[in-house]
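Coordinates in review
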Amino acid sequence: MSNFPFLSVLTVAPLVGALVVAFLPRRSPELAKQVAFAWSLLVLVLSVVMWVSFNAGGDRFQFRESYSWIPNWGVSFTFAADGIALVMLMLIAVLVPLVILASWHDAESSKRSIPVYFALLLILESTMIGVFAAADVFLFYVFFEVMLVPMYFLIGSYGGHQRQYAAVKFFLYSLVGGLFMLAAVIGLWVVGGKTFDWQALSQVDISTGTERWLFLGFFLAFAIKAPFFPFHTWLPDAGGAAPAGAAALLVGVLDKVGTFGILRYCLPLFPEASKWFAPWALALGVIGIIYAALLAVGQNDLKRLVSYTSIAHFGFIGVGIFAFTTQAGTGAVLYMLNHGLATGLLFLVVGMLVARRGSALISDFGGAGKLVPVLAGVLFFAGLASLALPGTAPFISEFLVLIGTFTVNKPVAVIATLGIILAAAYVLWMVQRTTQGTLNPALTEVDGMRRDLNLREKVVVAPLIALIVLLGFYPKPVTDVINPAVQATMDDIGRTDPAPSVGTVQEAAK
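Here's a quick rundown of the structure. (Residues numbered from 1 in each chain as written. Predicted model: local features only at pLDDT ≥ 70, side-chain atom pairs only at ≥ 80, totals over all residues. Heavy atoms only, no water.)

**Looking at the nonpolar core**
Within the largest apolar cluster, 194 residues are counted, with the highest numbers of intra-cluster contacts made by Phe140, Phe218, Leu267 and Phe322. Setting aside its immediate chain neighbours within four residues, Phe218 contacts Val137, Met181, Ala184, Val185, Leu188, Tyr265, Cys266 and Phe270. (Core = buried A, V, L, I, M, F, W, Y, C linked by side-chain atoms within 4.5 Å. Buried < 20%, exposed > 50% of the residue type's maximum accessible area, 1.4 Å probe, protein only. Contact = heavy atoms within 4.5 Å.)

**So, helix α18 (residues 410-434)**
For α18, which comprises 25 residues, the first-to-last C-alpha distance of 37 Å matches the rise-based estimate of 36 Å (1.5 Å per residue) to within 8%. On its buried face, α18 is in contact with α13 (271-297), α14 (302-322), α15 (326-357), α16 (373-386) and α17 (393-406). At the N-terminal boundary of α18, the capping side chain belongs to Asn409, with an oxygen 3.4 Å from the backbone nitrogen of Val412. (Helix = DSSP H or I, 4+ residues; strand = E, 2+ residues; numbered from the N terminus. Expected span 1.5 Å × (residues − 1). Polar contact = N/O pair within 3.5 Å; in protein donor to acceptor, adjacent residues only side chain to side chain.)

**Regarding the packing of aromatic side chains**
In this structure the tally under the stated criterion is 31 aromatic pairs. When the centroid spacing of 4.9 Å and the interplanar angle of 75° are considered together, the rings of Phe132 and Phe260 count as edge-to-face. Taken as a pair, Phe132 in helix α4 (residues 114-133) and Phe260 in helix α12 (residues 256-269) lie far apart in primary sequence, 128 residues in all. Each member of the pair, Phe132 as well as Phe260, carries the same accessibility label: buried. Between Phe215 and Phe219 the ring centres are 5.6 Å apart and the planes differ by 10°, which places this aromatic pair in the stacked class. Linking Phe215 with Phe219, this pair stays in helix α9 (residues 208-225), spanning 4 residues, or about one helical turn. Grouping residues by exposure puts Phe215 and Phe219 together as buried. (Phe/Tyr/Trp six-rings, centres within 6.5 Å; stacked < 30°, edge-to-face > 60°.)

**Some points on the pairing of strand β2 (residues 75-81)**
Consecutive residues of a regular strand have side chains that alternate between opposite faces of the sheet. Along β2, 6 of the 7 residues are buried, which leaves the element largely enclosed by surrounding structure. In terms of strand pairing, strand β1 (residues 62-70) meets β2 through 6 bridges, oriented antiparallel. Counted as the bridge partner of Gln62 is Ala81 from β2. Between the end of β1 and the start of β2, which pair antiparallel, lie 4 residues, with Gly74 showing a positive phi angle near 75°. (Pairing = 2+ DSSP bridges.)

**Re the packing of helix α2 (residues 29-53) against α4**
At a minimum axis distance of 8 Å, the contact between α2 and α4 shows a crossing angle of 15°. As far as their axial angle goes, α4 and α2 are roughly parallel. For the crossing formed where α2 meets α4, the hand is left-handed. Mapping the contact onto sequence places Pro29, Ala32, Lys33, Ala36, Trp39, Ser40 and Val43 in α2 and Ile114, Pro115, Phe118, Leu122, Glu125 and Ile129 in α4. Taken together, the residues that form the contact of α2 with α4 break down as 10 nonpolar, 1 polar and 2 charged. (Axes fitted to C-alpha atoms, helices over the stretch in contact; angles between N-to-C directions. Parallel < 35°, antiparallel > 145°, perpendicular 65-115°, else oblique. Left-handed = near helix turned anticlockwise from the far one by under 90°. Nonpolar A, V, L, I, M, F, W, Y, C, P; charged D, E, K, R; others polar.)

**Structural notes on the pattern of salt bridges**
Summed over the entire model, instances satisfying the criterion amount to 9 salt bridges. Here Asp237 and Arg304 are joined by a salt bridge, their closest N and O atoms 2.9 Å apart. Taken together, the residues span a long stretch of sequence, with Asp237 in helix α10 (residues 234-241) and Arg304 in helix α14 at a distance of 67 residues. Since its relative accessible area comes to 15%, Asp237 is described here as buried. Judged by relative accessible area, Arg304 falls into the partly exposed class, the value being 24%. With a closest N to O distance of 2.7 Å, Glu457 and Arg356 form a salt bridge. Taken together, the residues Glu457 in helix α19 (residues 455-473) and Arg356 in helix α15 connect sequence positions 101 residues apart. Residue Arg356 is classed as buried on the basis of its relative accessible area of 6%. Overlapping salt bridges bring together Lys169, Asp237 and Arg304 as one network. (Salt bridge = Lys/Arg side-chain N within 4 Å of Asp/Glu carboxyl O.)

Everything listed here is a matter of coordinates, which is why it stays silent on function.
Right, dumping it as structure tokens:
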């Protein structure tokens with residue numbers, strides 16, 4: 001199966017499914033949902049086969065395909081996946097079917113086409129796969145920009161309060177970042193011998209000044225997409241207005257394009273500039289952790305609160321990347337996966353709670369666990385996973401980031417640890433104010449609050465809970481895939497892990 005064109009098929013398949021779903025009659029919404037779900041399962045099956053076919057001890061980039069596109073510009077449809085990309089592709093394949101199931105009734109209240117809503121989810125899946133699979137810088141840029149379109153319509157047409165404002169803000173922020181990257185892409189093409197092939201560009205020797213400017217163009221685009229402080233303000237608006245399923249993909253996957261881009265493009269293509277900018281990037285990461293956590297504590301809107309927690313988590317990922325150790329780097333990539341699972345679950349569960357209450361305001365809840373105990377329990381578990389409780393997958397990631405950073409930059413690691421304390425505060429306070437304590441009498445008058453999780457919703461949350469627990473106790477199948485790619489990235493920038501001191505070795509020997 002190693003010769004099978006996995007990446008091109010995975011990129012095109014959801015797009016074909018989207019066309020099928022979009023042209024189904026509007027009077028057959030159930031058929032559209034079923035076809036979209038079946039198509040997403042096909043992508044999941046192909047992704048699992050690709051995962052099994054990947055040789056963790058083999059070449060850095062596997063499943064390589066290349067098809068000529070614009071020969072005069074040196075542009076081609078080139079796809080390839082290393083361990084980092086493979087993990088993100090699996091995250092997409094797992095989340096999209098669950099999001100489709102969770103969104104079964106989300107489009108009904110918008111009075112817009114239900115088939116189009118599910119078609120947009122499949123188009124979004126296609127572009128997300130393409131951006132992680134691309135091994136041509138220009139192709140990556142195309143997917144990076146096109147990815148905005150389906151999410152813009154999902155927010156603007158099917159979102160909640162202030163959806164138009166949130167959609168436009170999301171689009172403009174990302175578009176501005178894309179313009180910075182476009183300028184850098186053109187500059188890279190000029191100094192790189194008029195090619196966009198990643199492997200060829202990684203061998204190009206670029207002058208120090210030029211390299212720093214090109215790095216900055218890519219980094220600004222990725223910092224906005226992630227988002228890192230101070231480019232974060234679009235995310236709470238977009239996450240708060242988007243339908244719960246779209247928000248889960250926005251925070252769980254789309255934002256990872258920023259951190260993935262730093263790992264795939266900024267570090268290997270501009271190694272010296274990456275090291276020169278690292279102290280600034282670490283500072284932005286630490287500020288983001290503390291600042292976003294403090295803002296999350298004061299939120300009264302559930303979806304905005306979850307969005308702010310994600311900004312804090314991205315601070316940890318940024319710290320892990322720019323610590324330049326294999327432990328921290330592996331932790332950062334693992335955090336990208338685990339954050340997608342944990343925050344995806346949290347957003348979906350919050351969406352279920354909001355749909356029942358008809359409000360996202362925390363003050364409109366109180367004691368809801370007495371009416372929907374199973375839903376309240378899942379919310380509590382998702383919250384504990386979000387704050388990286390030991391035994392859940394995010395704990396492993398956070399621990400690796402902190403211990404890997406501590407070996408080279410103790411102050412950054414210590415300050416970042418304060419984010420763990422703040423995470424406990426905003427998560428536990430959210431759970432206490434929504435599902436615990438005295439029952440809010442107004443809840444008993446809401447019909448939706450008398451319905452606990454149904455079978456479809458249990459099918460949505462069960463796989464995510466299982467993966468979070470499994471990876472919390474046994475992350476080896478994922479770290480075995482990630483480690484070689486992280487080590488190769490560290491080699492690209494000429495960094496090795498610090499050797500243990502003599503005293504440390506003697507203590508270990510004892």
